[in-house]
Structure formats: C-alpha cells, structure tokens
Amino acid sequence: MFSTEGPMDGVEQSGPGEQARQAEPGRRAEQAGRERQAERPGQAERDQQDQQDQRTVQDRQAGEAVRAAARADRGRRRWRVLKISAAVAAVAVVALAFALRKPSPVGHWNGAEGHADFMAAYDRAMADMPRAAETIDVRTGFGFVRAYRYEGSSDRAEPLVLLPGRASASPVWADNLPRLLEIGDVYTIDLLGEPGKSVQEAPITSDADQAAWLDQVLAHLPEKSFHVVGLSIGGWTAANLAVHRPRHVATLTLIDPVYTFSNIPIGTAVRAIPASVPWLPKSWRDSFNSYTAGGAPVEDVPVADMIESGMKNYTLHLPQPSLIDEKALGRLTMPVLAILAGESVMHDVEASPEVAERALRNGTVKLYPNASHAINGEHPNEIAADIAAFLDAR
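Structure report, in brief. (Residues numbered from 1 in each chain as written. Predicted model: local features only at pLDDT ≥ 70, side-chain atom pairs only at ≥ 80, totals over all residues. Heavy atoms only, no water.)

### Here's the deal with the packing of helix 7 (residues 282-292) against helix 8 (residues 302-313)
Here comes step 1: At a closest axis distance of 10 Å, the pairing of helix 7 and helix 8 adopts a crossing angle of 125°. Considered as vectors, helix 7 and helix 8 are oriented oblique to each other. Crossing hand, helix 7 versus helix 8: right-handed. Where helix 7 approaches helix 8, its residues K282, R285, D286, F288 and N289 are matched on the opposing element by D305, I307, E308, M311 and K312.
Here comes step 2: Partitioning the contact of helix 7 with helix 8 into residue classes produces 3 nonpolar, 1 polar and 6 charged. (Axes fitted to C-alpha atoms, helices over the stretch in contact; angles between N-to-C directions. Helix = DSSP H or I, 4+ residues; strand = E, 2+ residues; numbered from the N terminus. Parallel < 35°, antiparallel > 145°, perpendicular 65-115°, else oblique. Left-handed = near helix turned anticlockwise from the far one by under 90°. Contact = heavy atoms within 4.5 Å. Nonpolar A, V, L, I, M, F, W, Y, C, P; charged D, E, K, R; others polar.)

### Description of the packing of aromatic side chains
Here comes step 1: Using the criterion set out here, one finds 4 aromatic pairs in the structure.
Here comes step 2: Consider the rings of W109 and F118, whose centres lie 4.9 Å apart with planes at 40°: the pair is tilted.
Here comes step 3: Measuring from centroid to centroid gives 5.9 Å for F118 and Y122, while their planes differ by 50°, and the two rings are tilted. In this pair, F118 and Y122 are both assigned in helix 2 (residues 112-126), 4 residues apart and thus about one turn of the helix distant.
Here comes step 4: The class for F118 is buried, based on a relative accessible area of 0%.
Here comes step 5: Taking the relative accessible area as the measure of exposure, Y122 reaches 0% and is therefore buried.
Here comes step 6: Ring-pair connections join several aromatic residues into one group, and the members of that group are W109, F118, Y122 and Y314. (Phe/Tyr/Trp six-rings, centres within 6.5 Å; stacked < 30°, edge-to-face > 60°. Buried < 20%, exposed > 50% of the residue type's maximum accessible area, 1.4 Å probe, protein only.)

### Some remarks on the environment of A239
Here comes step 1: By secondary structure assignment, the location of A239 is in helix 5 (residues 233-244).
Here comes step 2: For A239, a relative accessible area of 0% translates into the label buried.
Here comes step 3: With 20 residues separating them along the chain, A239 and Y259 place their C-alpha atoms 9.7 Å apart.
Here comes step 4: Residue contacts for A239: discarding those within four places in its chain leaves L252, L254, T260 and I324.

### Examining the pattern of salt bridges
Here comes step 1: The full count for this structure, using the stated rule, is 12 salt bridges.
Here comes step 2: Linking R139 and E201 is a salt bridge whose minimum nitrogen-to-oxygen distance equals 3.3 Å. Taken together, the residues R139 in strand 2 (residues 134-140) and E201 in the loop between strand 6 (199-200) and helix 4 (207-220) connect sequence positions 62 residues apart.
Here comes step 3: Judged by its relative accessible area of 53%, R139 is exposed.
Here comes step 4: Note that R166 and E194 form a salt bridge whose closest N and O atoms lie 2.7 Å from each other. (Salt bridge = Lys/Arg side-chain N within 4 Å of Asp/Glu carboxyl O.)

### With respect to helix 8
Here comes step 1: With 12 residues, helix 8 should reach 16 Å at 1.5 Å per residue; the first-to-last C-alpha distance of 16 Å fits that figure.
Here comes step 2: Extensive coverage of helix 8 is indicated by the burial of 10 of its 12 residues.
Here comes step 3: The set of residues buried in helix 8 consists of V303, A304, D305, M306, I307, E308, S309, G310, M311 and N313. (Expected span 1.5 Å × (residues − 1).)

### What about the side chain of S262?
Here comes step 1: Residue placement: S262 occurs in the loop between strand 8 (249-255) and helix 6 (266-275).
Here comes step 2: The exposure class of S262 is buried, given its relative accessible area of 8%.
Here comes step 3: At 2.7 Å, the side chain of S262 and the side chain of S352 are in polar contact.
Here comes step 4: Setting aside residues up to four positions removed in sequence, S262 forms contacts with L323, H347, D348 and S352. (Polar contact = N/O pair within 3.5 Å; in protein donor to acceptor, adjacent residues only side chain to side chain.)

### Looking at the environment of T251
Here comes step 1: The topology assignment puts T251 in strand 8.
Here comes step 2: Residue T251 is classed as buried on the basis of its relative accessible area, which comes to 1%.
Here comes step 3: Measuring from C-alpha to C-alpha, the distance between T251 and H227 comes to 4.8 Å, with 24 residues separating the pair along the chain.
Here comes step 4: Apart from the residues within four sequence positions on either side, T251 is in contact with F226, H227, V228, M334, P335, F390, L391 and R394.
Here comes step 5: A polar side-chain atom of T251 sits 2.8 Å from a polar atom in the side chain of H227.

Here is the structure:
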C-alpha cells in the first residue's frame, strides 16, 4: 500500500540549505579569528611605537636634565668670572691709587703753575665775601692754618666758626655770611691738608690728629668757646672735634655732613674716582660737582671754579674719615643742630635723619626735603634763621 508519511514527532529533518545556515556561525567565528590574527601584527607595531615614544620622552627628559646641569655649571662659571673680574677691577683701582701717589707725606700743590691757578680762582671767589676784619695764620703742630675774622652786628659773646667742605675753603660761605653776621662775629677757616691758604707741614694720620689741629686753632683765638658750624666734610670735622676735643665747642651745627650719620653711597664714591684724577678733563670734575649740586650748572661760577682747580692741582694726604659711631654721638653733651638735605648724594638720605634723631641726646634735626648737597648756597636764609633760633633757644 502506498502511503505518504509526515515528519516524525521530535525529530528535525534538514536539507542542504538548513545545513548551510547551521554552518554560518562557525564560518563567521573562523573569519573573525582570521581577522584578529591579521590585526595582531599592526597592534604589535603600535605597541612597539608606543614603547619607542616613551623611550624618546625619557631620552628627552634626560637630555634636558643634562642641559640644565650644563646651564647651572655655566652660571657658576660666569659668577666666578664676575667675581674674578670684580677682584681684578678692585686691584686695578688700588694699582691706580699707587700709581698716582706722591712721595710727600703731606698735602701739597702739584706744581707752581697749578698753585697759581688755584690762588687766582681763590681770590676771585673771595671777592664775593664781605671784607674780613682780620686775617690770622695760626701755627699748629701740623702746619699753619688760615682763618678770617668777620665782625657781626650782634653782641653775642661766642662767635661762629665756619668749616668748609672739601676743596672749597673759606669762599664757599659767600652766600651765607651776610645773614650769619646778624647772629654775631664769624671766623672762617681753611681746612688743614685741603686746597686753600692753610699749609700742612706734618702728617695727619688719624681722626685724633684731625681734632688736634683744629683744637689748637680754637685755643689760639681770644674767645674761650665757639658755635662750630661745619658743611659736608667740614661737618664731619666739627663732629670729630666734638668727639675728641670738645673743650671749646659751645654748640655744634652740622650742615649735610658726610661720614657722620651714614656713609657716602657707593654710587657717589664710584663717580668721585675719575673726578679725583688730575690729568683727566676738567669736564669730568665739573660733571661730578654738578652731580653733588643736584644738577646745577657749575661753569663760570667762582666757587665752583676754585673747587675744580683744587681738585686738579692739589694732592691730599689725609686719612679716610671714620664714620662716627652712634655711641660717640650719644655722648655729646653740647646742643647739636643737624641740617640735612633730602636730595643729597653724599649720605644715606633715609638713614641719616633716623640716626641723628636716635643718637643725639641733645639734638635738633632739620630736614630740607628738596635741597641737594649744595644746601648752603640753595637755602642761605633758612639756614641762618634755623641757626639763630637754635642758639637763641639755649
């Protein structure tokens, strides 16, 4: 009997198409495997490149460290070179000082022509001064000291003694004398060992010597005590006298003194070096003098011409002034007036008023904010008024 049978229950019958479909997942897995296999060489190359990049970074960092060390080493070498250069420069300055030194142990004129040039300038500057009542040459243990006496309009018992700045001598007070003579009699003194009409004959080797010759001058004068007024290095000379030999000092007035409340700034000291070399051009000395005077022109000014001639034609043999110790200033018993220039280049303009206020137990400190080191010529009336008020308050 012929019969047609259907599929058996629970048994899956498949033909060729069904088998192909069943084989497809395997082929896809095999293809993916082959693709992954094909990808591995590219990944390995990338891994190798990453490692090479990392080594490059490390090499670069190591190279930078080496270069940084090299730069530091060059910096240290450069600093050593600068220090050596500074030492060489210092030696050169000292060598120059020795080359310019003179065998004489005292201050002296460099020649007859230079002496005549200064004296002519001195006389021209003195023409602006009032007529002196008396010219006095005082013999001291260190040489002759020139002094001039001027009669004042007041009957004050104790006269003023005026001490000038470096290389400026008595004529530097020309602008000040008319008003100062209203206070009383006045003596002006040419500092010993400086350009002027005082004549040094024996070495001055210490601050004590500087005080000794001035004390001998005051002892020779008829009065017993004096109101000592000093300008610039004359201010230091007055203060030094009060520290070492105070017996004739009634009061002390210090007008923009150097080496008294602070040292000279290094910049000013450096600028002074070429100005002190006599064979360099006059313009260099004029430039320095203008610098100390706040930039004011100094050409064809009689006192400035005298100062320039003294710087050129006279060789000093004086000891370097010592900065006066605060404790020594504190031991001064006489009244002290300190007049300081706010734009001075010859001392520390910030420190000096503080030191003066702190150290002087019987002191009066006046600051002229807009004044230069040429303060006596810039403010003659104010200075005279301050000195008069200071003395009247005693």
